[in-house]
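# Chains, contacts and geometry: an overview
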Amino acid sequence: QAWLLQVCWEATQQTELQIRPELPCFMERFAALAETEGGFPLPKNHQALVLAKWFESQVGWAGRFTGEIGLMGPSYAGRVLFIRQIFKVNIPRTASADTLQLAYDKWSLFADNVNRRAPSGLKMLVISKQFNAMHAKKIIFRSTILAFAASLGITLMSVLVFTGNVLVACFSLTNTLLSTSTLFGIVISVLQTEFGP
């Protein structure tokens, strides 16, 4: 418990992580409740009582703080499986993939530093829908470029094999490039379709 709270404090002190202060993390709010019920860290024999009060206090916040703590079994006395610390960062939802990549790299570095000092059996994971979408965009962009380069190579080799004429093969490749570039320009400039990370 103390380690989880320490991680929360350390994260908020890292200005490069761009954490906004209006949303306290789970352990900050849980520690404040535990202090009123006998102290923090919370003893095992007080877990069920404090967690019951915790969930009661979250009525009306269910949509905002869903899944912050996972328990084994139907009762509040079960083993804690995970703690989900939600941080709100100062990055627009419409940020580019490059901006998100910089933020992801900083969070990954922070998580690596935390995990090197983590107690046995504990590990920090960085999970974000925006980071997942960013990785998907980059993979799609790279695969599109590779597929286009492969198609050009196949076109060049096919014309060379069937005609045996280097000049005709080069004309065919140039024609393919110009046609694709024209269509690409229409899609990007006229239709205003976004492309790339």
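Scroll up a little and you will see the structure.
In this report, we go over the structure that sits alongside the text. (Residues numbered from 1 in each chain as written. Predicted model: local features only at pLDDT ≥ 70, side-chain atom pairs only at ≥ 80, totals over all residues. Heavy atoms only, no water.)

We now examine the packing of helix α5 (residues 129–163) against helix α6 (residues 166–190). Where α5 contacts α6, the two axes come as close as 8 Å, and the packing angle between them is 150 degrees. It follows that α5 is roughly antiparallel to α6 by the angle criterion. When you trace α5 past α6, the crossing you get is right-handed. Contacts between α5 and α6 involve F148, L152, T155, L156, V159, L160 and T163 from the first element and V166, V168, A169, C170, S172, L173, T176, L177 and T180 from the second. Among the residues making up the contact of α5 with α6, the classes are represented as 11 nonpolar, 5 polar and no charged. (Axes fitted to C-alpha atoms, helices over the stretch in contact; angles between N-to-C directions. Helix = DSSP H or I, 4+ residues; strand = E, 2+ residues; numbered from the N terminus. Parallel < 35°, antiparallel > 145°, perpendicular 65-115°, else oblique. Left-handed = near helix turned anticlockwise from the far one by under 90°. Contact = heavy atoms within 4.5 Å. Nonpolar A, V, L, I, M, F, W, Y, C, P; charged D, E, K, R; others polar.)

This brings us to the side chain of R29. Of note, R29 is situated in helix α2 (residues 26–36). A distance of 3.1 Å separates a polar side-chain atom of R29 from the backbone oxygen of P24. (Polar contact = N/O pair within 3.5 Å; in protein donor to acceptor, adjacent residues only side chain to side chain.)

Here we come to unusual backbone geometry. Of note in the backbone geometry, Q18 takes a positive phi value of approximately 60 degrees without being a glycine. In this structure, Q18 sits in the loop between α1 (2–13) and α2. Q18 gets classed as partly exposed once you look at its relative accessible area, which sits at 32%. (Buried < 20%, exposed > 50% of the residue type's maximum accessible area, 1.4 Å probe, protein only.)

On to the nonpolar core. Formed by 33 residues in total, the largest nonpolar core has its most connected members in M27, F30, F40, W107, F110 and M124. Elements supplying a minimum of two residues to this core: α1, α2, α3 (47–57), β1 (69–71), α4 (97–116) and α5. The leading source of residues in this core is α4, at 7 residues. When sequence neighbours within four positions are dropped, the list of residues in contact with M27 reads Q1, L4, L5, F40, I83 and Q85. (Core = buried A, V, L, I, M, F, W, Y, C linked by side-chain atoms within 4.5 Å.)

Here the focus is the state of the cysteines. Considering all chains together, one arrives at 1 disulfide under this definition. Each disulfide pairs two cysteine sulfurs, and for C8 the partner residue is C25, the sulfurs being separated by 1.8 Å. Its torsion about the S-S bond being -120 degrees, the disulfide of C8 and C25 is classed as left-handed. Taken together, the residues span a long stretch of sequence, with C8 in helix α1 and C25 in the loop between α1 and α2 at a distance of 17 residues. Considered together, C8 and C25 belong to a single accessibility category, that of buried residues. (Disulfide = S-S within 2.5 Å.)

Here the focus is a nonpolar patch on the surface. Taken together, the side chains of M72, L81 and F82 present a nonpolar region at the surface, about 290 Å² in accessible area. As for its position among the elements, F82 is in strand β2 (residues 80–83). (Patch = residues over 30% accessible without salt bridge, like charges linked within 9 Å, V, L, I, M, F, W, Y side chains within 5 Å. Areas by Shrake-Rupley, 256 points an atom, 1.4 Å probe, with all protein chains shown as cover. Salt bridge = Lys/Arg side-chain N within 4 Å of Asp/Glu carboxyl O.)

What follows deals with the pattern of salt bridges. One pass over the full model with this rule turns up 2 salt bridges. The partner of E10 in a salt bridge is R117, and the shortest N-O contact between them spans 2.9 Å. Taken together, the residues E10 in helix α1 and R117 in the loop between α4 and α5 connect sequence positions 107 residues apart. Here K138 ties to D98 by a salt bridge, and the two come within 3.4 Å at their closest N and O atoms. Pair noted here: K138 is in helix α5 and D98 is in helix α4, with a separation of 40 residues, a long-range link. Take K138: its relative accessible area is 15%, and that puts it in the buried class. Overall, D98 belongs to the partly exposed group, its relative accessible area being 45%.

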